[in-house]
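Structural overview
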Amino acid sequence: MLYPLMLRLEGQPCLVVGGGQVAERKIESLLEVGARVTVISPEVTPAIQEWVQEGKLRSYLRGYQEGDAAGHFVVIAATDVSEVNEMVARDCFQRNILINTVDIPPLCNFYVPAVVRRGDLTIAISTNGASPAVAKRIRKKMEREFGEEYGEYLQVMKSLREQVLREVSDPEMRKDIFERLADVGLLDCIKAGDEQGLKERIAQCLSSS
Ligand SMILES: C[C@@]1(CC(=O)O)C2=NC(=C\c3[nH]c(c(CCC(=O)O)c3CC(=O)O)Cc3[nH]c(c(CC(=O)O)c3CCC(=O)O)/C=C3\N/C(=C\2)[C@@H](CCC(=O)O)[C@]3(C)CC(=O)O)/[C@H]1CCC(=O)O
Ligand SMILES: NC(=O)c1ccc[n+]([C@@H]2O[C@H](COP(=O)([O-])OP(=O)(O)OC[C@H]3O[C@@H](n4cnc5c(N)ncnc54)[C@H](O)[C@@H]3O)[C@@H](O)[C@H]2O)c1
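On a predicted model such as this, the values are computed, not experimentally measured, just so you know.

What counts and what doesn't
Residues numbered from 1 in each chain as written. Chains lettered and ligands numbered in written order. Predicted model: local features only at pLDDT ≥ 70, side-chain atom pairs only at ≥ 80, totals over all residues. Heavy atoms only, no water. Pairing = 2+ DSSP bridges. Helix = DSSP H or I, 4+ residues; strand = E, 2+ residues; numbered from the N terminus. Axes fitted to C-alpha atoms, helices over the stretch in contact; angles between N-to-C directions. pLDDT = per-residue confidence, 0-100. Patch = residues over 30% accessible without salt bridge, like charges linked within 9 Å, V, L, I, M, F, W, Y side chains within 5 Å. Areas by Shrake-Rupley, 256 points an atom, 1.4 Å probe, with all protein chains shown as cover. Salt bridge = Lys/Arg side-chain N within 4 Å of Asp/Glu carboxyl O. Lys, Arg positive; Asp, Glu negative; His and termini not counted. Charge placed at Lys NZ, Arg CZ, Asp CG, Glu CD. Domains from an automatic or database assignment. Contact = heavy atoms within 4.5 Å. Buried < 20%, exposed > 50% of the residue type's maximum accessible area, 1.4 Å probe, protein only. Core = buried A, V, L, I, M, F, W, Y, C linked by side-chain atoms within 4.5 Å.

1. Some thoughts on the sheet that holds strand 5 (residues 98-101)
Spatial ordering of the open sheet is given by 3-2-1-4-5, a layout of five strands whose pairing is parallel. Pairing within the sheet leaves two strands with one partner each, and these edge strands are strand 3 (58-60) and strand 5. The sheet shows a mean angle of 15° between the axes of neighbouring strands, direction not considered. Strand direction decides the pairing type here: strand 1 (residues 13-17) and strand 2 (residues 36-40), joined by five bridges, are parallel. For Pro 13, the partnering residue across the bridge sits in strand 2 and is Arg 36.

Have a look at this one:
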């Protein structure tokens, strides 16, 4: 069984070995969260090439050499040569580096899940490696169920939470208010664009404290 984590990768040195389709997908998701990405690969896709030209990542256009993984926080081995992926994984296991070896699950100490993002909401889906295609299918289902309104909803909830943490000192009372706020249908108001209803419901929750 896997232990789910949410990693803060902003500014962290991450290495992707390989520059094909799979590497491209993983680089994109690392750049999205502000990681400092280096790619090592004799050849890269046009999209990766473009990111390099835009200064979004560093590239070494050569094969992986033993020890290249050292000094990185997260490494992704995404070449199409198993022996190379195995060498990268070995380097990482020796150094306690987080390693994802795309074609060899036993040589991963983490898997990349399928992800739905709506502002502060992140839904990560893993099948424990049983079926990435099923993870993708569930992601698409979740994308339909959790619409863009969740981004605004969580902004509202976040600022209300900050307000309550500032203004209400009793932890029990705060907990009650947070539960009421989560229960009172604010999401429906946001979805319907009903500003008045939103204000009324919030006021109701805050005043009955
Ligand atoms: C979620 C996602 C994230 C991402 O990679 O970004 C992801 N794979 C995705 C897509 C996908 N991958 C593959 C297919 C073809 C259909 C199929 O095989 O099912 C499709 C579907 C497609 O491309 O349409 C092929 C494949 N994948 C792995 C192997 C090796 C093996 O199983 O032995 C092979 C066989 C290669 C071969 O044929 O030789 C292994 C892994 N893939 C994982 C993640 C990890 C487990 C996640 C989990 O716990 O479920 C794990 C273990 C390691 C890892 O990579 O982290 C992303 C969906 C993103 C999205 O769309 O939302
Ligand atoms: N985990 C997943 O989600 C998933 C999905 C599909 C495929 N795969 C597997 O992932 C692997 C990569 O798939 P792809 O479609 O990106 O392949 P690809 O052929 O598009 O890319 C392979 C890349 O590896 C690079 N490479 C080759 N030798 C290298 C070396 N010595 N050092 C550094 N880079 C080197 C190549 O230049 C190329 O850029 C395949 O083995 C495939 O079976 C995994």
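2. Points about the confidence of the model for the protein
Averaged over every residue, the pLDDT of the protein is 96; residues scoring 70 or more account for 99%. Scored as a whole, the predicted complex attains pTM 0.91, and scored at its interfaces, ipTM 0.92.

3. With respect to a positive patch on the surface
Side chains of Arg 25, Lys 136, Arg 137, Lys 140, Lys 141 and Arg 144 sit close together on the surface and give a patch of like positive charge. A total of five residues in the positive patch trace back to one element, the largest contributor, which is helix 4 (residues 132-145). Mapping Lys 141 onto the fold places it in helix 4.

4. Section: a nonpolar patch on the surface
Residues Tyr 3, Leu 5, Leu 7 and Phe 73 make up a contiguous nonpolar surface patch of about 470 Å² in total accessible area. Counting through the fold element by element, Phe 73 comes out in the loop between strand 3 and strand 4 (74-77).

5. Details of the domain arrangement of the protein
Domains assigned within the protein are domain 1 (13-111), domain 2 (113-147) and domain 3 (149-207). Just the C-alpha atoms count here: the centres of domain 1 and domain 2 sit 23 Å apart.

6. Overview of the environment of Leu 15
Examined against the element boundaries, Leu 15 turns out to sit in strand 1. Note: C-alpha distance between Leu 15 and Glu 28 (13 residues apart in sequence) is 12 Å. What Leu 15 contacts, discounting residues up to four positions off in sequence, is Thr 38, Ile 40, Tyr 64, Asp 68, Ala 69, His 72, Val 74, Val 75 and Ile 76.

7. Comments concerning the pattern of salt bridges
Counted under the stated rule, the structure contains eight salt bridges. Taking the shortest distance from any N to any O, the salt bridge between Lys 56 and Glu 54 comes out at 3.0 Å. Judged by relative accessible area, Glu 54 falls into the partly exposed class, the value being 45%.

8. Remarks on the nonpolar core
Of all hydrophobic cores here, the largest spans 22 residues; its most connected members are Tyr 153, Leu 160, Leu 181, Leu 186, Leu 198 and Ile 202. Those elements giving two or more residues to this core turn out to be strand 6 (114-118), strand 7 (121-125), helix 5 (149-167), helix 6 (171-183), helix 7 (186-192) and helix 8 (195-207). Here this core gets six residues from one element, more than from any other, and that element is helix 5. When residues are assigned to domains, this core turns out to be shared by domain 2 (113-147) and domain 3 (149-207), each giving three or more. The residues touching Leu 160, leaving out its near neighbours within four places in the chain, are Leu 181, Leu 186, Ile 202 and Leu 206. Within the second largest apolar cluster, 15 residues are counted, among which are Leu 9, Ile 27, Ala 35 and Ala 78.

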